[in-house]
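Each chain, written out:
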Amino acid sequence: MARVVVVGSGIAGLVAALGASRDHDVVLVTKGELSESNTRYAQGGIAAALFADDSTAAHVDDTLRAGAGLNVREAVEALCGDAPQRIRELIALGVAFDRDGDALARGLEAAHSSPRVLHAGGDATGAEIERALVATVLDSAVEIVEHAFLREVVVRDGAAAGVLVRTDSGGEREIAADAVILATGGFGQLYAYTTNPAVATGDGVAAAWRAGAAVADLEFVQFHPTALAIPGSFLVSEAVRGEGAVLRNARGERFMVDVHPDAELAPRDVVARGIAIEMAAQGGTPVVLDATALGADFLARRFPTIDAACRTAGIDWSREPVPVTPAAHYVMGGVATDTSGRTTLPGVFAVGEVACTGAHGANRLASNSLLEGLVFAHRAVQAIGEPWQPAPAWLAEAALSGRAVGTGVDDVDESGESVAPTIPYDRDALRALMWAAAGVHRDRAGLTAAAAQLAATAAPGPGEDRDLLQVGRLVVAAALAREESRGAHFRSDFPLTSAAPARHTVLAPAADLQKAALAC
């Protein structure tokens, strides 16, 4: 029996803790309350080829198409192939997916070739999954440590030995472990506009980087096209467009029909850029999402959470279109892993949004996010105690960025000279900088200026702000390294996708990791 520490309490962390507890001694550490995570706020649903008129092959094809040529096919096949069984297990745990009579209800979302998206409570899928999993964990042998911030992954003799956390009392505690499973989610709080909760500050990516693990594809940040253009950036699920809502500009025109054959149901990056361009053309004024044709009764029944949010904001979306804007929503990159969640650092697994398996490629297919956490958490648990692989196999063909090897994204400029910190850290300023320079549209001038400013920013002490600054530096370095536009990464100075074979951008914090990756 091994001792396993799981960090994070979204779908990935809860599934990992439950699975590992069957054979191991498990401690589940979470920064806030047990139920607080990105999972809780996921509206749209979870995708799986469960129906007779659908197939795993079709789900794979849709995922590959959305990923813009950068997917790791082995990871895509694992994601889609494992999905039906993992969904059945959720149902067995008490997740109450919506029904259409005796059958599971299903919806169509952007870039899916078939209706295969399950939802619960209309638009409260994540909350229902979180509820069922939290209840099961509370009834298990898992030790739960709430309000404990991940300071560091502890490494001894080249392998993980546990984690160092800061407790709500301000003290520190080291939790020893044979295996560490990072399930800390993404870093939406790096941006001025985000649909993510306050806990999404990139702690797992930053801690893994400091511990010596490679990260990959951090330039691929998915901006959800439709967040309410009001304080809080409340997400308006893609499923609303799937049900027939349309986007209109200030003149009342459906502009997306001229952007992509699938109009409002085009891949998210296409819709987000289309909205951003239209907003720029109308002086920054948000576009509107027109769901009035769906009717008040349908909107209240199918999307009760969004309906309530709109009415709280004083908007009757059954009678008037709602103002929307893109917002940082999900990151396709993260700590580089294989299909079992193994990172380049022995003993450290990463699952869910914190990880980069390559399954999403350059752009995540809608409703594959909850699925990712579910599938790869299960796979990581199965790999505990197995022989460790030095690096994911797909890193062998990756384009490792020399600038990010060593301390390149920490404290040196483009010439390699040391940069003395002269700019005091300010979270709001950091988020505004990332939105402007590494948001929906990017270019060399903006990214280079941002890199210089971030390098000259004084690092805060251990905590969320230090992690945000570290991840910001990594994202900008990755975005500078990719001189093309692909998926969610758009460079106005390189607006076309390169004709060369697609390569992953891997940042390695030490030269020996670069050698390990290339030796795979």
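Under an unreviewed UniProt entry, the name given to the protein is L-aspartate oxidase, and the organism recorded is Leifsonia aquatica.

1. Considering the overall build of the protein
On a plain count of helices and strands, the protein comes out with 14 helices and 21 strands. On C-alpha atoms alone, the protein measures out to a radius of gyration of 22 Å, which is about the 24 Å that the 2.2 N^0.38 rule sets for 520 residues. Taken over the C-alpha atoms alone, the protein extends approximately 60 × 55 × 45 Å along its principal axes. Out of the 520 residues belonging to the protein, those deemed buried represent 60%. Per element, the accessible surface of the protein, about 18,500 Å² overall, is 51% carbon and sulfur.

2. Points about the sheet that holds strand E10 (residues 172-176)
Hydrogen bonding along the main chain pairs the strands of a sheet, whether they run parallel or antiparallel. The strand order E8-E9-E10 describes an open sheet built from three strands, whose pairing is antiparallel. Two strands in the sheet have a free side with no partner beyond their single neighbour: strand E8 (148-156) and E10. In this sheet, neighbouring strand axes are inclined to one another by 25° on average, regardless of whether the strands run parallel or antiparallel.

3. Concerning the domain arrangement of the protein
Interface extent is often summarised as the accessible area lost during association of the parts. You can read the domains of the protein as domain 1 (230-326) and domain 2 (400-518). With six residues of domain 1 at the contact, the number on the domain 2 side is six residues. Buried area between domain 1 and domain 2, both sides added, is near 460 Å², and the carbon and sulfur share of it is 72%. Looking at the side of domain 1 facing domain 2, the largest losses of area belong to Asp269, Arg273 and Pro326, adding up to 75% of the total buried there. Between domain 1 and domain 2 we count zero salt bridges in total.

4. Topic: the UniProt feature "domain: FAD-dependent oxidoreductase 2 FAD-binding" (unreviewed entry) in the protein
The UniProt record marks residues 4-370 with the feature "domain: FAD-dependent oxidoreductase 2 FAD-binding" (unreviewed entry), using the residue numbering of this structure. Annotated as residues 4-370, this span is 28% helix and 22% strand, and its ends, taken at the C-alpha atoms, are 22 Å apart.

5. Re the side chain of Asp307
Turning to its location among the elements, Asp307 is positioned in helix H9 (residues 304-312). Among the polar contacts listed, one links the side chain of Asp307 to the side chain of Trp317, at a separation of 2.8 Å.

6. Quick look at the sheet that holds strand E7 (residues 143-145)
Taken in spatial order, the five strands line up as E7-E2-E1-E11-E18 in an open sheet, and their pairing is parallel. Edge positions in the sheet fall to E7 and strand E18 (348-350), since each of these pairs with one other strand and no more. Each neighbouring strand pair of the sheet contributes to a mean axis angle of 20°, computed without reference to strand direction. Two elements, strand E2 (residues 25-29) and E7, share three bridges in a ladder whose sense is parallel. Paired with Leu28 across the bridge in E7 is Ile144.

7. Structural notes on the confidence of the model for the protein
With 93% of its residues at a pLDDT of at least 70, the protein reaches an overall mean of 91. Here residues 402-416 scores under 50 on pLDDT; set against residues more than four positions off or in separate chains, the count is 39 contacts. Here residues 511-520 is modelled with pLDDT under 50, and outside its nearest four sequence neighbours on either side it reaches 19 contacts, counting other chains as well.

8. Overview of the pattern of salt bridges
According to the stated counting rule, one finds 38 salt bridges in the structure shown. The shortest N-O distance in the salt bridge between Asp338 and Arg342 comes to 2.8 Å. Across the pair, exposure class does not vary: Asp338 and Arg342 are buried alike. Three or more residues are tied together by salt bridges with common partners; here these are Lys31, Asp203, Arg427, Glu464 and Asp465.

9. Some details on the packing of helix H1 (residues 11-21) against helix H10 (residues 369-383)
Each packed pair of helices is defined by two parameters, the angle between the axes and the distance between the axes. Across the interface, H1 lies against H10 with an axial gap of 8 Å and an inter-helix angle of 25°. Here H1 lies roughly parallel to H10, going by the angle between them. At the point where H1 passes H10, the crossing takes the right-handed sense. Touching Ile11, Ala12, Val15, Ala16, Gly19 and Ala20 of H1 are Leu370, Gly373, Leu374, Ala377, His378 and Val381, all from H10. Class assignment of the residues belonging to the contact of H1 with H10 gives a composition of nine nonpolar, three polar and no charged.

10. Overview of the packing of helix H11 (residues 427-437) against helix H13 (residues 464-481)
Interaxial distance between H11 and H13 falls to 11 Å at its minimum, and their mutual angle equals 20°. The pairing of H11 with H13 is recorded here as roughly parallel in orientation. Where H11 crosses over H13, the handedness of that crossing is left-handed. Contacts between H11 and H13 involve Arg427, Leu430 and Met434 on the former and, on the latter, Glu464, Asp465, Leu468, Leu469, Gly472, Val475 and Val476.

11. A look at the environment of Ala213
Among the secondary structure elements, Ala213 is positioned in the loop between helix H5 (203-211) and strand E12 (215-216). Classification of Ala213 by relative accessible area gives buried; the value is 0%. C-alpha of Ala213 to C-alpha of Val335: the two residues are 122 residues apart in sequence and 7.0 Å apart in space.

12. Quick notes on the packing of aromatic side chains
If you walk through the whole model with that rule in mind, you get seven aromatic pairs. Ring centres 4.9 Å apart and planes at 70° place the aromatic pair Tyr193 and Trp435 in the edge-to-face group. Remark: Trp435 occurs in helix H11 and Tyr193 occurs in the loop between strand E11 (179-182) and H5; sequence separation between them is 242 residues. Its relative accessible area of 21% is what places Trp435 among the partly exposed residues. Look at Phe349 and Trp388: their rings are 4.9 Å apart centre to centre, the planes differ by 80°, and that puts the pair in the edge-to-face class. Residue Phe349 is found in strand E18, and its partner Trp388 is found in the loop between H10 and strand E20 (399-400); the two are separated by 39 residues along the sequence. Overall, the relative accessible area of 1% leaves Phe349 in the buried class. An aromatic cluster is defined as three or more aromatic residues linked by ring pairs; in this entry it consists of Tyr191, Tyr193, Phe223 and Trp435. Positioned above the aromatic ring of Phe51 is the side chain of Arg106, whose terminal nitrogen or guanidinium carbon lies 4.3 Å from the ring centre.

13. A short note on H9
Of the positions making up H9, those classed as buried are Ile306, Asp307, Ala309 and Cys310. The buried residues of H9 occupy an angular sector of 165° when projected down its axis, which confines them to one face. Tucked inside the fold, the buried residues of H9 contact strand E13 (221-228), helix H6 (238-242), helix H8 (296-302) and strand E16 (322-331). Phi turns positive, to about 80°, at Gly314, one or two residues after H9.

What counts as what
Residues numbered from 1 in each chain as written. Predicted model: local features only at pLDDT ≥ 70, side-chain atom pairs only at ≥ 80, totals over all residues. Heavy atoms only, no water. Helix = DSSP H or I, 4+ residues; strand = E, 2+ residues; numbered from the N terminus. Rg over C-alpha atoms; globule rule 2.2 N^0.38 Å. Buried < 20%, exposed > 50% of the residue type's maximum accessible area, 1.4 Å probe, protein only. Areas by Shrake-Rupley, 256 points an atom, 1.4 Å probe, with all protein chains shown as cover. Pairing = 2+ DSSP bridges. Axes fitted to C-alpha atoms, helices over the stretch in contact; angles between N-to-C directions. Domains from an automatic or database assignment. Contact = heavy atoms within 4.5 Å. Buried area = accessible area lost by both parts, 1.4 Å probe. Salt bridge = Lys/Arg side-chain N within 4 Å of Asp/Glu carboxyl O. UniProt positions renumbered as here; feature names shortened; annotations may be inferred. Polar contact = N/O pair within 3.5 Å; in protein donor to acceptor, adjacent residues only side chain to side chain. pLDDT = per-residue confidence, 0-100. Parallel < 35°, antiparallel > 145°, perpendicular 65-115°, else oblique. Left-handed = near helix turned anticlockwise from the far one by under 90°. Nonpolar A, V, L, I, M, F, W, Y, C, P; charged D, E, K, R; others polar. Phe/Tyr/Trp six-rings, centres within 6.5 Å; stacked < 30°, edge-to-face > 60°. Lys NZ or Arg CZ within 6 Å of the ring centre and 35° of its normal. Arc of directions from axis to C-beta.

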